[in-house]
Amino acid sequence: MTDVLLTEDTAGVRLLTLNRPESFNSLNVELKQALISALRDAAADDSVRAVVITGAGRAFCAGQDLKEHVALLEADDPSPLKTVEEHYNPIIRAVTSMPKPVIAAVNGTAAGAGASLAYACDLRVASSDAKFLMAFANVGLSTDSGASWTLPRLIGYGRAMEMLLLAEPVAAEDALRIGMVNRVVGEGEARGAAMELATRMAAGPTFAYARIKETAQAAAAEGLAEALAVEAGAQAEAGATADHREAVAAFVAKRNPNFTGR
């Protein structure tokens, strides 16, 4: 792992820290490739039962590294035009398909693809100084990193279009009010609050969390009949787990369950 992305494991939680603070953790090719690998590694590692993504320094992520982007365009390098398919789509797929909870700890600015990364996470904890900016239109671009799908589902079509077309920032408290984030904490406290929440979930029924993610995503894209079918299959799988048997036994015995994630 390169030092543009820091990885730390604590009590079943893998903390991924975007580590380019001098550029507000903007996403260059190196960081995008490192993030793809780290997310896939976390998904495959059974010892990891929750993931937190945050940024070093004063920002969560400013989105695409435009300096690198412009330099490549001026050199007639075709790679900038392929980065959505080669980098951003795999990142978002890795987050949304992660068979365990993913929490964004948003400290400071989350812009463009950086904001989209936060939207793709299952939960978002924002510091009071956080702000979200969908700045694609300001640089003559359309949406990417799943924002056209995730953002309207979080805050509704009308508010999403306002953010996308007008490119006006949304402060943390407003983000909480409209449902863009789940919690707002004090300045500098987002990482700690997200880690506390992730640690709690890392001790939970991991398999059930994965099936909940699966059913919620299916329901967002399918009709009722299809959603019911996905729910039935997921519930049958979850019902066959050791965690379900443990939870039922704990309920009968009036004690707290000891989930193992299986």
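The rules behind the values
- Residues numbered from 1 in each chain as written.
- Predicted model: local features only at pLDDT ≥ 70, side-chain atom pairs only at ≥ 80, totals over all residues.
- Heavy atoms only, no water.
- Helix = DSSP H or I, 4+ residues; strand = E, 2+ residues; numbered from the N terminus.
- Rg over C-alpha atoms; globule rule 2.2 N^0.38 Å.
- Buried < 20%, exposed > 50% of the residue type's maximum accessible area, 1.4 Å probe, protein only.
- Contact = heavy atoms within 4.5 Å.
- Lys, Arg positive; Asp, Glu negative; His and termini not counted.
- Charge placed at Lys NZ, Arg CZ, Asp CG, Glu CD.
- Salt bridge = Lys/Arg side-chain N within 4 Å of Asp/Glu carboxyl O.
- Patch = residues over 30% accessible without salt bridge, like charges linked within 9 Å, V, L, I, M, F, W, Y side chains within 5 Å.
- Areas by Shrake-Rupley, 256 points an atom, 1.4 Å probe, with all protein chains shown as cover.
- Pairing = 2+ DSSP bridges.
- Axes fitted to C-alpha atoms, helices over the stretch in contact; angles between N-to-C directions.
- Phe/Tyr/Trp six-rings, centres within 6.5 Å; stacked < 30°, edge-to-face > 60°.
- Lys NZ or Arg CZ within 6 Å of the ring centre and 35° of its normal.
- Parallel < 35°, antiparallel > 145°, perpendicular 65-115°, else oblique.
- Left-handed = near helix turned anticlockwise from the far one by under 90°.
- Nonpolar A, V, L, I, M, F, W, Y, C, P; charged D, E, K, R; others polar.

Here's the deal with the overall build of the protein chain
No. 1: The helix and strand tally for the protein chain stands at 11 helices and 10 strands.
No. 2: Its C-alpha atoms give the protein chain a radius of gyration of 19 Å, within 12% of the compact-globule value 18 Å for 262 residues.
No. 3: For the C-alpha atoms alone, the extent of the protein chain along its principal axes is close to 65 × 40 × 35 Å.
No. 4: Across the 262 residues that make up the protein chain, the buried fraction comes to 46%.
No. 5: For the protein chain, the share of sequence-separated contacts (at least 6 apart) that also reach a separation of at least 24 residues comes to 68%.
No. 6: Averaging the coordinates of the 24 positive side-chain charges in the protein chain and doing the same for the 32 negative ones gives two points 6 Å apart.

What to know about the pattern of salt bridges
No. 1: Within this structure, the stated rule accounts for nine salt bridges.
No. 2: One salt bridge in this structure joins Asp174 and Arg177, with 3.5 Å as the shortest N-O distance. With Asp174 and Arg177 both in helix H7 (residues 172-177) and three residues apart, this pair spans about one turn of that helix.
No. 3: Overall, the relative accessible area of 37% leaves Asp174 in the partly exposed class.
No. 4: Here Glu246 ties to Arg255 by a salt bridge, and the two come within 2.7 Å at their closest N and O atoms.

Let's talk about a nonpolar patch on the surface
No. 1: Residues Leu66, Val139 and Leu141 make up a contiguous nonpolar surface patch of about 260 Å² in total accessible area.
No. 2: Structurally, Val139 can be placed in the loop between strand E8 (131-133) and helix H5 (147-155).

Topic: the sheet that holds strand E5 (residues 102-106)
No. 1: With mixed pairing, the six strands of this open sheet are ordered in space as E1-E2-E3-E5-E7-E10. Here the strands that pair on one side only, and so sit at the sheet edges, are strand E1 (5-10) and strand E10 (183-185). Along the sheet, successive strands turn relative to each other by an average axial angle of 20 degrees, direction set aside.
No. 2: This element, helix H1 (residues 29-44), spans E1, strand E2 (13-18) and strand E3 (50-55) of the sheet and lies at about 175 degrees to E2.

So, the packing of aromatic side chains
The relative placement of two aromatic rings is captured by the distance of their centres and the angle of their planes.
No. 1: Enumeration over the complete set of coordinates arrives at one aromatic pair.
No. 2: Arranged with centres 6.1 Å apart and planes meeting at 20 degrees, the rings of Tyr119 and Phe132 form a pair that is stacked. With Tyr119 in helix H4 (residues 113-120) and Phe132 in strand E8, the pair connects residues that are 13 residues apart, well separated along the chain. The residues Tyr119 and Phe132 share a single accessibility class, namely buried.
No. 3: A cation sits over an aromatic face here: Arg211 above Phe207, 4.5 Å from the ring centre.

Points about the side chain of Ser26
No. 1: Structurally, Ser26 is set in the loop between E2 and H1.
No. 2: Setting aside residues up to four positions removed in sequence, Ser26 forms contacts with Arg20, Leu31, Ala62, Gly63, Gln64 and Asp65.

Some remarks on the packing of H5 against helix H6 (residues 157-166)
No. 1: It is the contact of H5 with H6, at a shortest axis distance of 7 Å, that shows an interaxial angle of 130 degrees. The pairing of H5 with H6 is recorded here as oblique in orientation. For the pair H5 and H6, the crossing hand works out as right-handed. Residues Leu151, Pro152 and Ile155 of H5 form the contact with H6, whose participating residues are Tyr157, Arg159, Ala160, Met163 and Leu164.
No. 2: In terms of residue class, the contact of H5 with H6 is made up of seven nonpolar, no polar and one charged.

What to know about the packing of helix H3 (residues 83-96) against H4
No. 1: Put simply, H3 and H4 touch, their axes get as near as 9 Å, and they point 20 degrees apart. On the basis of their axis angle, the class for H3 and H4 is roughly parallel. When the axes of H3 and H4 are compared, the crossing they make is right-handed. Note on element contacts: H4 touches H3 through Ala113, Ser116, Leu117 and Ala120, opposite Tyr88, Ile91, Ile92, Val95 and Thr96.

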